[in-house]
Amino acid sequence: MTLPRRVTLIRGDGIGPEITNAVVSIFDAARVPIEWEEADAGLACYQKHGTPLPQETLESILRNGVALKGPTTTPVGEGFKSVNVTIRKALDLFANVRPTKSLPGVVTRFGNVDIIVVRENIEDTYGAIEHRQTPDVAQTLRIITRQGSMLVHRYAFEMARQLGRRRVTCVHKANIHKHGDGLFLECFRAVASDYPDIVADDLIVDNACMQLVVRPETFDVLVLPNLFGDIVSDLCAGLVGGLGVAPGGNIGRHHAVFEAVHGSAPDIAGKGVANPTALLLSALQMLDHLGMSSYARYIEHALTATLKANIRTRDLGGVATTREFTEAIIARLAEVPAHAEHEYSRVITVPEPPPPTSGLNWSLVGADVFVEWNDIAHLPAMPEQVARLSLRMMSNRGTKVYPPPTPPITMVNWYRCRYLASQPIDVADVHALLEELRQRGIRWMQVELLCADGDTPMFSKAQGE
Ligand code: NAI
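In this text the structure is predicted, and so the values were computed from the model without any measurement.

Right, let's get into the domain arrangement of the protein chain. The domains assigned to the protein chain are domain 1 (1-93 + 245-347), domain 2 (109-239) and domain 3 (362-457). Distance between the C-alpha centres of domain 1 and domain 2: 25 Å. With 12 residues of domain 1 at the contact, the number on the domain 2 side is 11 residues. Linking domain 1 to domain 2 there are 0 salt bridges. Scanning the region where domain 1 abuts domain 2 turns up 4 residue pairs in polar contact (both at pLDDT 80 or more). Of all the secondary-structure elements, those providing two or more residues to the side of domain 1 that touches domain 2 are helix H4 (83-90) and strand E11 (249-251).

Put into structure tokens, the structure is as follows:
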């Protein structure tokens, strides 16, 4: 006799209640030992309680460790922040795991896709650290850390090993972003060396996209930084039939939230035609996470049998309503061979982040000062030498424009001015430089200190530098 496992259930907005009802009734019929603890989130919750994510909902997930979440509506351009992004950050759900598998009866260009996308879920541009630096220039910081990268790579390899996968591919743009994606790739290689039984390779993201739409069957597990992962996982969903069949799980060290990739689909909400497959597959992923894989495979068999019998919802070219599709799955549970409780498990070990790496050998060698300069016919009148710092380079939108020759590029009113010293300096030199700029009436809005690790610069060069 298995004691029921308590799980937080968020029904969400739009089609959320319809598809969570479907999943709950399938779980009931399969006698999955889960006790749902209902919690509120989303737009309807905001209209009722004045907050899209009440503290009690977060506390419920913190208490239970696991949640199944229906989609929630986020107002566009105004109003509250996305509930999903808030939950991911509040619970430190560092990996987003999206399996993409061809399903029987779902006609697509490719019949044998079986890819798991593991997306870093916290960092990259999703810190939403953004600044308007001049009226014409906006900056979004892309943050990649060793801790975040090691966690997601370690999880990807542990998952690959646990599921008997043979290959993990790191997708990146380290040819251009030598520091950001370079660090992501460096961490991938460090983790891969602990898994000699798994093939580890890497691909530049643009090439990966091209290959994915030409021969997706050659891919196995992909691990990506957040933004590329966001885009590539939707591309992968399209390979197997679209949003109606794309599940996902957000994994943290102590908590996990499972939800479909799709949103609240307001265009079909309340019509009884939504496809519950994506949320059902997310719920099966959750059962694997909880060590209840035998129940997951039991329900998966019934789902597969239903699709093979050509019972499909409208989005997949069928005519079944959400209820008819759900009842068809429940009817097939009786036909599936009996399963042994907990006969095997797919629980994946969740890693710990590495400790910080000391930068004690780093020395300060200069500063990049970002200035606004509106007379774009002439370069900014920057001082050549202040304290131990000399002006070595100016760039506009990343291209070197000083020292000459200045290429015929479109200039904007925002320059990066690179000052370097021939010996290690301290911040007093940078303060002196900023004071000099103040006295000259030059507006600066950002300073990046430039460090070197021994002789190796810890910053990128400008185009043409
Ligand atoms: P969406 O995914 O809700 O809908 C896109 C299209 O796919 C629509 O035509 C919809 O009818 C269809 N579709 C989606 N899921 C389906 C299903 N299960 N069965 C049949 N058809 C399905 O994306 P959209 O319209 O951009 O976003 C609507 C709202 O959902 C927005 O407020 C957005 O912020 C939110 N959203 C929430 C997510 C979440 O809670 N995880 C994820 C993505 C969007």
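A full pass over the atoms with the stated rule returns 5 aromatic pairs. Relative to phenylalanine 188, the ring of phenylalanine 157 lies with its centre 5.5 Å away and its plane at 40 degrees, an arrangement referred to as tilted. Taken together, the residues phenylalanine 157 in helix H5 (residues 146-162) and phenylalanine 188 in helix H6 (residues 180-192) connect sequence positions 31 residues apart. Here phenylalanine 157 falls in the buried class, since its relative accessible area comes to 0%. When its relative accessible area of 2% is taken as the criterion, phenylalanine 188 is described as buried. Grouped by ring-pair contacts, the aromatic residues Phe157, Phe188 and Tyr195 constitute a single cluster. When the ring centre of tyrosine 126 is taken as reference, the NZ or CZ atom of arginine 119 above it lies at 5.3 Å.

In the contact formed by helix H7 (residues 205-214) and helix H8 (residues 226-239), the axes pass within 10 Å of each other and the chain directions differ by 10 degrees. One element, H7, and the other, H8, form an angle in the roughly parallel class. The segment H7 lies against H8, with Val205, Cys209, Leu212 and Val213 engaging Phe228, Val232, Leu235, Cys236 and Leu239.

So, on to the pattern of salt bridges. Scanning the entire structure with this criterion turns up 29 salt bridges. For glutamate 372, the salt bridge goes to arginine 443, with nearest N and O atoms at 2.3 Å. Separated by 71 residues along the polypeptide, glutamate 372 in strand E13 (residues 362-372) and arginine 443 in strand E18 (residues 443-453) bring together distant segments of the chain. Salt bridges linked by common partners bring Arg6, Glu35, Glu37 and Arg63 together as one network.

What follows is about the environment of proline 407. Locating proline 407 in the fold gives a position in the loop between strand E16 (399-402) and strand E17 (414-420). Distance from proline 407 to glycine 464, taken between C-alpha atoms, is 9.6 Å for residues 57 residues apart in sequence. Aside from chain neighbours lying at most four places away, what touches proline 407 is Thr399, Lys400 and Val401.

Looking now at the nonpolar core. Counting residues in hydrophobic clusters, the biggest one holds 92 residues, and the most contacted among them are Phe27, Ile34, Val118, Met286, Leu287 and Ile299. Sorting elements by how many residues they give to this core places H5 first, with 8 residues. Methionine 286 has contacts with Val7, Phe27, Ile34, Trp36, Val66, Ala67, Leu68 and Phe258, leaving out every residue within four places of it along the chain. Of all hydrophobic cores here, the second largest spans 24 residues; its members include Leu364, Met382, Val401 and Leu437.

Here is what the cut-offs are and how they apply
- Residues numbered from 1 in each chain as written.
- Predicted model: local features only at pLDDT ≥ 70, side-chain atom pairs only at ≥ 80, totals over all residues.
- Heavy atoms only, no water.
- Domains from an automatic or database assignment.
- Contact = heavy atoms within 4.5 Å.
- Salt bridge = Lys/Arg side-chain N within 4 Å of Asp/Glu carboxyl O.
- Polar contact = N/O pair within 3.5 Å; in protein donor to acceptor, adjacent residues only side chain to side chain.
- Helix = DSSP H or I, 4+ residues; strand = E, 2+ residues; numbered from the N terminus.
- Phe/Tyr/Trp six-rings, centres within 6.5 Å; stacked < 30°, edge-to-face > 60°.
- Buried < 20%, exposed > 50% of the residue type's maximum accessible area, 1.4 Å probe, protein only.
- Lys NZ or Arg CZ within 6 Å of the ring centre and 35° of its normal.
- Axes fitted to C-alpha atoms, helices over the stretch in contact; angles between N-to-C directions.
- Parallel < 35°, antiparallel > 145°, perpendicular 65-115°, else oblique.
- Core = buried A, V, L, I, M, F, W, Y, C linked by side-chain atoms within 4.5 Å.

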